[in-house]
Amino acid sequence: MEPVSIRNWQLRNEQPPDDLVKELSSDLNVPEIVAHLLWLRGIQSPASAQSFLTSKLADLPDPDLLPDMKKACKRLVDALRNGEKIAVHGDYDVDGITGCSLLVEVLRAMGGTVDYHIPLRMVDGYGLSEDALREAHGQGCKVIVSVDCGVSAIHEAAVAQSLGLDLIITDHHQPPDPLPHCFALVNPHLPENKFPWPDLAGVGVAFFLVLGLRRMLRAENYFTSLKEPDLRYVLDLVALGTVADIVPLKGTNRVLVKLGLQLLDKSLRPGIKALKTVAQVKEVTSGVVGFRLAPRLNAAGRLEDAAMGVELLLSHDANSCSELAEFLDNCNHDRQAVEQQTLQEAILMVENDIPEDNYSIVLAKEGWHAGVIGIVASRLVERYHRPVVMIALENGEGKGSARSINGFHLHNSLAQCSDLLRGFGGHAMAAGMTVDSGQIAPFREAFESVAKESLDIDLLQPSLNHDGEISLDQLTIEIQNQIDELNPYGAGNPLPTFVSRGCRTYNCRVVGKNHLKLDIEQGDSFVSAIAFGMAERMAECSGLVDILYRPGINEWRGERSLQLQVIDFQESELAKRG
């Protein structure tokens, strides 16, 4: 199979009516280009747009709208009042690490005796650990609270029940049938959910748990002799986990992340300050979280022990934070090396062994590190635009990570192959599984069959979405400043991307390892641009070209100028017409 080379340029949504865009622009007192961007993101009324732009904590929904929330909070109130020991069980990714840190920090601030457990990826695997439950019971714990895991833990929930542990599961993954038997199950994807924004990250569910708990404690006058925790100061953790888990940054998530990014920028937490130092981060954006901070927190869980991430986030000692951050940074460098080697091996397998007409890619190999196969699967999806399953084999068992493309629901698709798997779980776009090595070949066939039934051939042609065609003279620094009010960007709120046609390029040159720096002219407008990773396409920078790009502002030595980040370019439609 060869990598995809042609990507269709596609308008992100239906073109909005000009009169309605003008009306929204007038109502909000924003440029029409901003109103246009809002409309394409499904924000089409003045009220919803105003809420989107202001993002106030007062707009957060009532925690009690989540299933079993009151029941979970009441049990924790009793545990706090009675001095019962509480254990928090997290997960080894950034969502699980931040969610665990948040619960431990807040419950301790509320006077609780709290311990925590983060599973070892290579030893325990994903989800609730039976050994951890038994250990917590042996240490006198009465209540276990999971975060970012547990909704599929049928066996482990039964173990907790047999031990007399009250298990409170907080999770955001798709619930199976049947559900685990536990004291309380807080998950916005349950049928009885009334919470208006179900697409929370695991750390988001944890935040609403402590929000509901604090309210219940207030009503019982619990804080008369104890300082009430200000939950605004854990929004940095919420932002970290929410951005890292790639949930939609709209609605409730947008409020949490927008305010949380401001906290991350201030570096009030010593662990965050140390992490930013090793990552050489000056200003925190959602992109910085996703590409600079989160990978370092993730790295320990992929290669070592993710509990070090919790330790970093909870520590108040600057020296120990610096040491931990340095260690995580080194882990990240090691992870990158392992990832690159695995990626090169996977590419050879795809291009030598996978037929061109395949709708899916399933690869398995002894010696692959289970901690990096998810990242490699994502790289392969980008390269071949197919659903990808990567399986690391060891002692007859395979641990798999899968990533998908739009239009192919991974969790549902794996469910159709479940008789060939030991277990699986996840979302529409990402999932994990375990499989016996002897079942890999039939699983590969079954998965390919599901892909061919589910996917239209057109969905195998990748598209680059954009927000419409504009001329370069429509962009100014002032306009860009107002466009940037749509931050934070991420899933559900993509970076504004435009197409400009009939442009000429000048001064095209290679910078860094494989990037292009160039100047772009259209009519009387002239603007600089950068094209990351496109050095091999330098020869195409000639004649009239159409460009697809993201506008931004470049700051250099105190000067601010408009700069375009070129995503793709092609021979201009104007040139083709003669």
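In case you missed it, the structure is sitting above this.
The sections below set out a description of the structure shown in this document. In this text, all values refer to a predicted model and were calculated from it rather than measured experimentally.

### Brief notes about the overall build of the protein chain
Regarding its fold elements, the protein chain presents 19 helices and 17 strands. Across the 578 residues of the protein chain, 53% fall into the buried class. With an accessible surface of roughly 25400 Å², the protein chain has 47% of that area assigned to carbon and sulfur atoms. Seen as two clouds, the 53 positive and the 78 negative side-chain charges of the protein chain have centres 5 Å apart.

### Describing the pattern of salt bridges
Working definition: two side chains of opposite charge can pair if their charged atoms are close together. Tallying each qualifying case throughout the model produces 27 salt bridges. Across the pair Arg81 and Glu220 runs a salt bridge whose closest N-O atoms are separated by 3.2 Å. With a gap of 139 residues between them, Arg81 in helix 4 (residues 69–82) and Glu220 in the loop between helix 8 (202–219) and helix 9 (235–244) connect regions that are remote in the sequence. You can call Arg81 partly exposed: its relative accessible area is 43%. Among the charged side chains, a salt-bridge network with shared partners connects Arg12, Arg41 and Asp467.

### Digging into the sheet that holds strand 10 (residues 423–426)
Sheet strands pair by backbone hydrogen bonding; their relative direction is either parallel or antiparallel. A sheet is described by the order of its strands in space; here five strands give the open sequence 7-8-9-11-10, paired in mixed fashion. Edge positions in the sheet fall to strand 7 (361–366) and strand 10, since each has one partner strand and no second. In this sheet, neighbouring strand axes are inclined to one another by 15° on average, regardless of whether the strands run parallel or antiparallel. Relative to strand 9 (residues 397–403), strand 8 (residues 388–394) is paired through seven bridges, and the arrangement is antiparallel. From the neighbouring strand, Leu393 faces strand 9, where its bridge partner is Gly398.

### Some details on the sheet that holds strand 15 (residues 525–531)
Pairing is mixed around the closed barrel formed by five strands, whose spatial order is 13-14-15-17-16. Direction aside, the axes of adjacent strands within the sheet are offset by 45° on average. With five bridges joining them, strand 13 (residues 498–511) and strand 16 (residues 544–556) adopt antiparallel strand pairing. Directly across from Phe498, in strand 16, lies its bridge partner Tyr549.

### Looking at the packing of helix 1 (residues 18–28) against helix 2 (residues 32–40)
The N-to-C vectors of helix 1 and helix 2 enclose an angle of 110°; their axes lie 8 Å apart at closest approach. Between helix 1 and helix 2, the interaxial angle falls into the category roughly perpendicular. The handedness of the crossing between helix 1 and helix 2 is right-handed. Side by side, helix 1 and helix 2 meet where Leu20, Val21, Lys22, Leu24, Ser25 and Leu28 of the first sit next to Glu32, Ala35, His36, Leu38 and Trp39 of the second. When its residues are assigned to classes, the contact of helix 1 with helix 2 shows seven nonpolar, two polar and two charged.

### Brief notes about the pairing of strand 15
Where a strand is regular, its side chains alternate between the two sheet faces. Across the seven residues that make up strand 15, a large majority, six, are buried. For strand 14 (residues 515–522) and strand 15, the ladder comprises seven bridges, and the chain directions are antiparallel. Residue pairing for strand 15: Leu518 is matched across the bridge by Ala529. In sequence, strand 14 turns back onto strand 15 through a hairpin of two residues, with Gly523 there showing a positive phi of about 60°.

### Structural notes on a negative patch on the surface
A surface patch of negative charge is lined by Asp18, Asp19, Glu23, Asp27 and Glu32. With four residues, helix 1 is the largest single contributor of residues to the negative patch. Structurally, Asp18 is set in helix 1. On the basis of relative accessible area, Asp18 is assigned to the exposed category, the value being 56%.

### Details of the state of the cysteines
Think of a disulfide as a covalent bridge from one cysteine sulfur atom to another cysteine sulfur atom. Applying the stated rule across the entire model yields zero disulfides. Looking at Cys182, it has no disulfide partner, and the nearest cysteine sulfur is the one in Cys149, 12 Å off.

### Looking at the environment of Met390
Tracing the chain through its elements places Met390 in strand 8. With a relative accessible area of 0%, Met390 lands in the buried category. If we ignore the near neighbours within four places in the chain, the residues touching Met390 are Thr342, Ala346, Leu363, Trp368, Ile373, Val376, Ala377, Leu380, Lys399, Gly400 and Ser401.

### Focus on the pairing of strand 11 (residues 430–436)
Of the two faces of strand 11, only one is covered, namely that formed by Ala431, Met433 and Val435; the face formed by Ala430, Gly432, Thr434 and Asp436 stays uncovered. Looking at chain direction, strand 9 and strand 11 are connected through seven bridges and run antiparallel. Looking across to strand 11, one finds that Ala402 is bridged to Ala431.

### Structural notes on the environment of Ala325
With respect to the element layout, Ala325 can be found in helix 14 (residues 318–353). Of the residues examined, Ala325 reaches a relative accessible area of 0% and is grouped as buried. Considered as a pair, Ala325 and Gln461 are 136 residues apart in the sequence and their alpha carbons are 41 Å apart. Beyond its immediate chain neighbours, meaning those up to four positions away, Ala325 contacts Ala274, Leu275, Val278 and Leu312.

### Considering the packing of aromatic side chains
The final tally for this structure, using the stated rule, is six aromatic pairs. Taken together, the ring pairs in this structure connect Phe195, Phe207 and Phe208 into an aromatic cluster. Of note, Lys71 hangs over the ring of Phe183, and the distance from its end group to the ring centre comes to 5.1 Å. The ring of Phe569 has Arg537 lying over it, and the distance from NZ or CZ to the ring centre is 4.3 Å.

Reading the values: rules and limits
Residues numbered from 1 in each chain as written. Predicted model: local features only at pLDDT ≥ 70, side-chain atom pairs only at ≥ 80, totals over all residues. Heavy atoms only, no water. Helix = DSSP H or I, 4+ residues; strand = E, 2+ residues; numbered from the N terminus. Buried < 20%, exposed > 50% of the residue type's maximum accessible area, 1.4 Å probe, protein only. Areas by Shrake-Rupley, 256 points an atom, 1.4 Å probe, with all protein chains shown as cover. Lys, Arg positive; Asp, Glu negative; His and termini not counted. Charge placed at Lys NZ, Arg CZ, Asp CG, Glu CD. Salt bridge = Lys/Arg side-chain N within 4 Å of Asp/Glu carboxyl O. Pairing = 2+ DSSP bridges. Axes fitted to C-alpha atoms, helices over the stretch in contact; angles between N-to-C directions. Parallel < 35°, antiparallel > 145°, perpendicular 65-115°, else oblique. Left-handed = near helix turned anticlockwise from the far one by under 90°. Contact = heavy atoms within 4.5 Å. Nonpolar A, V, L, I, M, F, W, Y, C, P; charged D, E, K, R; others polar. Patch = residues over 30% accessible without salt bridge, like charges linked within 9 Å, V, L, I, M, F, W, Y side chains within 5 Å. Disulfide = S-S within 2.5 Å. Phe/Tyr/Trp six-rings, centres within 6.5 Å; stacked < 30°, edge-to-face > 60°. Lys NZ or Arg CZ within 6 Å of the ring centre and 35° of its normal.

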